[in-house]
Amino acid sequence: MSTAGSNGSRAGVAPGSHGSLWRVALTIAWRGMHTYIRRPDLIFPSLIFPLVFFASFAGGLSALGKVPGFTFPAGYTAFQFVFVMCQSAMFSGLFTGFTLAFDFESGFARRLMLAAEDRRGIALGYAIVALSRAAITLTLVTAVALVSGMRITGNGVDLFGLYGLAALLVLVGYGWAAGVAFRFRTIQAGPLMQTPVFLILFLAPVYVPLTLLKGWIHTVASVNPATAFLDAGRGLISGVHNHTALAYACALGLILLFGIWTLSGLRRAETSP
């Protein structure tokens, strides 16, 4: 895309004002959410997916909450809700990366890169879409969890921290997926986006606390950043804080790393043929 490359100095490196950045971002965010809400094939899977996991884990595996050594003040439903919340947050970002890749396949994203005053606004706009989609999903999952009898023993500040952590995880998932989407510009890269996220999440203490895991899975989970996310979230929902600072530090570090990954992918997309 030679035209995009020739305009790179205008829109890629040191473009216009912050106003142009936000103008592009908000335009993309409005278009993305308008499309998301109006298309059942997009909104329903993203809502049903976490509900199925919640019903399977919190309901079908509830007997695990009675195993010796399992002590969690808020109960097993809340224990699993935190996993589903973290998973939903990261996958909201991940699915937005799918949308970006699809927009490249359809030609929309390429036209957008030609028209955008500040192409960084493209990455920012899809990030806003990811956060907005996550807000809808997490609201529904939380409502279903409360109706099903989930207990919350943390206070209002703890809950603010819990959903703040979820917002950071949305950006972690989006940052990874967007970097892949900008590089490959095809939905065929979907497995590369989702496989690392699946592995990180399911090699953490999903069903029982870390202390009850044995063998190699305990070793892997001990150094897995997702373990800190789950421990922090479960601590916040129960009011017994555990690794909260570590979880926030890991999330912010990953956002910084994947932010660089995303912007370097954007540069590659600008100069692609």
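On a predicted model such as this, the values are computed, not experimentally measured, just so you know.

Let's talk about the nonpolar core
And then number 1: Residues Phe81, Ile122, Phe182, Met193 and Ile237 are the most contacted members of the largest nonpolar core, which totals 72 residues.
And then number 2: If you tally residues by element for this core, the top one is helix 5 (residues 76-106), at 17 residues.
And then number 3: Leaving out residues up to four positions away in the same chain, Phe81 has contacts with Phe54, Val141, Thr142, Ala145, Met150, Tyr163 and Ile237.

Section: the packing of aromatic side chains
And then number 1: Following the criterion strictly, the structure yields 16 aromatic pairs and no others.
And then number 2: With 6.3 Å between their ring centres and 75° between their planes, Phe49 and Phe95 make a pair best called edge-to-face. Within this pair, whereas Phe49 is found in helix 4 (residues 40-60), its partner Phe95 is found in helix 5, the two being separated by 46 residues in sequence.
And then number 3: Given a relative accessible area of 24%, Phe49 falls into the partly exposed group.
And then number 4: Taken together, a centroid distance of 5.5 Å and an interplanar angle of 70° make the contact between Phe83 and Phe202 edge-to-face. Taken together, the positions of Phe83 in helix 5 and Phe202 in helix 9 (residues 190-202) put the pair 119 residues apart, joining distant regions of the chain.
And then number 5: Judged by its relative accessible area of 0%, Phe83 falls in the buried class.
And then number 6: Note on Phe202: relative accessible area 28%, which makes it partly exposed.
And then number 7: In this structure an aromatic cluster arises from ring pairing among Phe49, Phe53, Phe83, Phe91, Phe95, Phe98, Phe198 and Phe202.
And then number 8: A cation over a ring is seen here: Arg31 above Phe108, with NZ or CZ 3.8 Å from the ring centre.

Observations regarding the side chain of Arg183
And then number 1: Along the polypeptide, Arg183 turns up in helix 8 (residues 156-184).
And then number 2: Of the buried charged residues, Arg183 lacks a salt bridge, with Glu270 as the closest side chain of opposite charge at 12 Å.
And then number 3: Polar side-chain contacts of Arg183 include one of 2.6 Å to the side chain of Ser264.
And then number 4: Apart from residues no more than four positions distant in its own chain, Arg183 is found in contact with Trp261, Ser264, Gly265 and Arg268.

A closer look at the pattern of salt bridges
And then number 1: For the coordinates displayed, the defined rule picks out four salt bridges.
And then number 2: Between Arg120 and Asp118 there is a salt bridge whose closest N-O contact spans 2.8 Å.
And then number 3: Here Asp118 falls in the buried class, since its relative accessible area comes to 0%.
And then number 4: One salt bridge in this structure joins Glu270 and Arg119, with 3.5 Å as the shortest N-O distance. Residue Glu270 is located in helix 12 (residues 244-270), and its partner Arg119 is located in the loop between helix 6 (108-115) and helix 7 (120-147); the two are separated by 151 residues in the primary sequence.

So, helix 9
And then number 1: Compared with the 18 Å implied by 1.5 Å per residue over 13 residues, the 18 Å span of helix 9 between its first and last C-alpha is a close match.
And then number 2: Every buried residue of helix 9 is listed here: Gly190, Met193, Val197 and Leu201. Considered in projection along helix 9, the buried side chains sweep an arc of 80° and stay on one side of the axis.
And then number 3: Check the buried side of helix 9 and you find it contacts helix 5, helix 8 and helix 11 (225-238).

Topic: the environment of Ala177
And then number 1: Residue position: Ala177 is located in helix 8.
And then number 2: Taking relative accessible area as the criterion, Ala177 reaches 0% and is therefore assigned buried.
And then number 3: As for Ala177 and Asp231, which are separated by 54 residues in sequence, their C-alpha atoms are 24 Å apart.
And then number 4: Ignoring any residue separated from it by four or fewer positions in sequence, one finds Ala177 in contact with Gly93, Leu94, Gly97 and Met193.

A word on the packing of helix 8 against helix 11
And then number 1: Interhelical geometry of helix 8 versus helix 11 gives an angle of 155° and a closest axis separation of 8 Å. As summarised for this structure, helix 8 and helix 11 are arranged roughly antiparallel, according to the angle between their axes. Where helix 8 crosses over helix 11, the handedness of that crossing is left-handed. Side by side, helix 8 and helix 11 meet where Asp158, Gly161, Leu162, Leu165 and Leu169 of the first sit next to Phe229, Ala232, Gly233, Leu236 and Ile237 of the second.

Criteria and thresholds
Residues numbered from 1 in each chain as written. Predicted model: local features only at pLDDT ≥ 70, side-chain atom pairs only at ≥ 80, totals over all residues. Heavy atoms only, no water. Core = buried A, V, L, I, M, F, W, Y, C linked by side-chain atoms within 4.5 Å. Buried < 20%, exposed > 50% of the residue type's maximum accessible area, 1.4 Å probe, protein only. Helix = DSSP H or I, 4+ residues; strand = E, 2+ residues; numbered from the N terminus. Contact = heavy atoms within 4.5 Å. Phe/Tyr/Trp six-rings, centres within 6.5 Å; stacked < 30°, edge-to-face > 60°. Lys NZ or Arg CZ within 6 Å of the ring centre and 35° of its normal. Lys, Arg positive; Asp, Glu negative; His and termini not counted. Salt bridge = Lys/Arg side-chain N within 4 Å of Asp/Glu carboxyl O. Polar contact = N/O pair within 3.5 Å; in protein donor to acceptor, adjacent residues only side chain to side chain. Expected span 1.5 Å × (residues − 1). Arc of directions from axis to C-beta. Axes fitted to C-alpha atoms, helices over the stretch in contact; angles between N-to-C directions. Parallel < 35°, antiparallel > 145°, perpendicular 65-115°, else oblique. Left-handed = near helix turned anticlockwise from the far one by under 90°.

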